[in-house]
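Observations on the model geometry
So the chains spell out like this:
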Amino acid sequence: MSSTLPYAAEKQIAIAAVRRACVLTASVFNKLVKQETLTKGDKSPVTVGDYSAQAVVNTILGRT
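Residues numbered from 1 in each chain as written. Predicted model: local features only at pLDDT ≥ 70, side-chain atom pairs only at ≥ 80, totals over all residues. Heavy atoms only, no water.

Description of the overall build of the chain
A count of helical and extended segments in the chain gives 2 helices and 2 strands. Moving toward the C terminus, one meets the helices and strands of the chain in the order α-β-β-α. Relative to its 64 residues, the chain shows a buried fraction of 14%. Counting contacts in the chain only where the partners sit at least 6 residues apart, residues at least 24 apart contribute 56% of the total. Accessible surface, the chain as shown: approximately 5,100 Å² in total, 59% of it carbon and sulfur. (Helix = DSSP H or I, 4+ residues; strand = E, 2+ residues; numbered from the N terminus. Buried < 20%, exposed > 50% of the residue type's maximum accessible area, 1.4 Å probe, protein only. Contact = heavy atoms within 4.5 Å. Areas by Shrake-Rupley, 256 points an atom, 1.4 Å probe, with all protein chains shown as cover.)

Shown next as structure tokens:
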């Protein structure tokens, strides 16, 4: 691993995870829950897409 780019592989894996999560979130939002959201304690909205994105990122990062 190059000393000029520490954690380069980890960075690429993280970027890939976020990209997959973004695609999933957009798809879920547009197809399933456009009008269905929950409200968190801080009054911000959350959808099943948000939970799905979190699961995708956690799964991908958990494999590394």
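Now, onward.
Notes on unusual backbone geometry
A positive phi is found at Tyr-7, a non-glycine position, where the angle reads about 65 degrees. Considering the arrangement of structural elements, one finds Tyr-7 in the segment before α1 (8–31). Look at Tyr-7 and you get exposed, because its relative accessible area is 58%. In this structure, Lys-43 is a non-glycine residue whose phi angle is positive, near 75 degrees. One can find Lys-43 in the loop between β1 (38–39) and β2 (45–46). Look at Lys-43 and you get exposed, because its relative accessible area is 69%.

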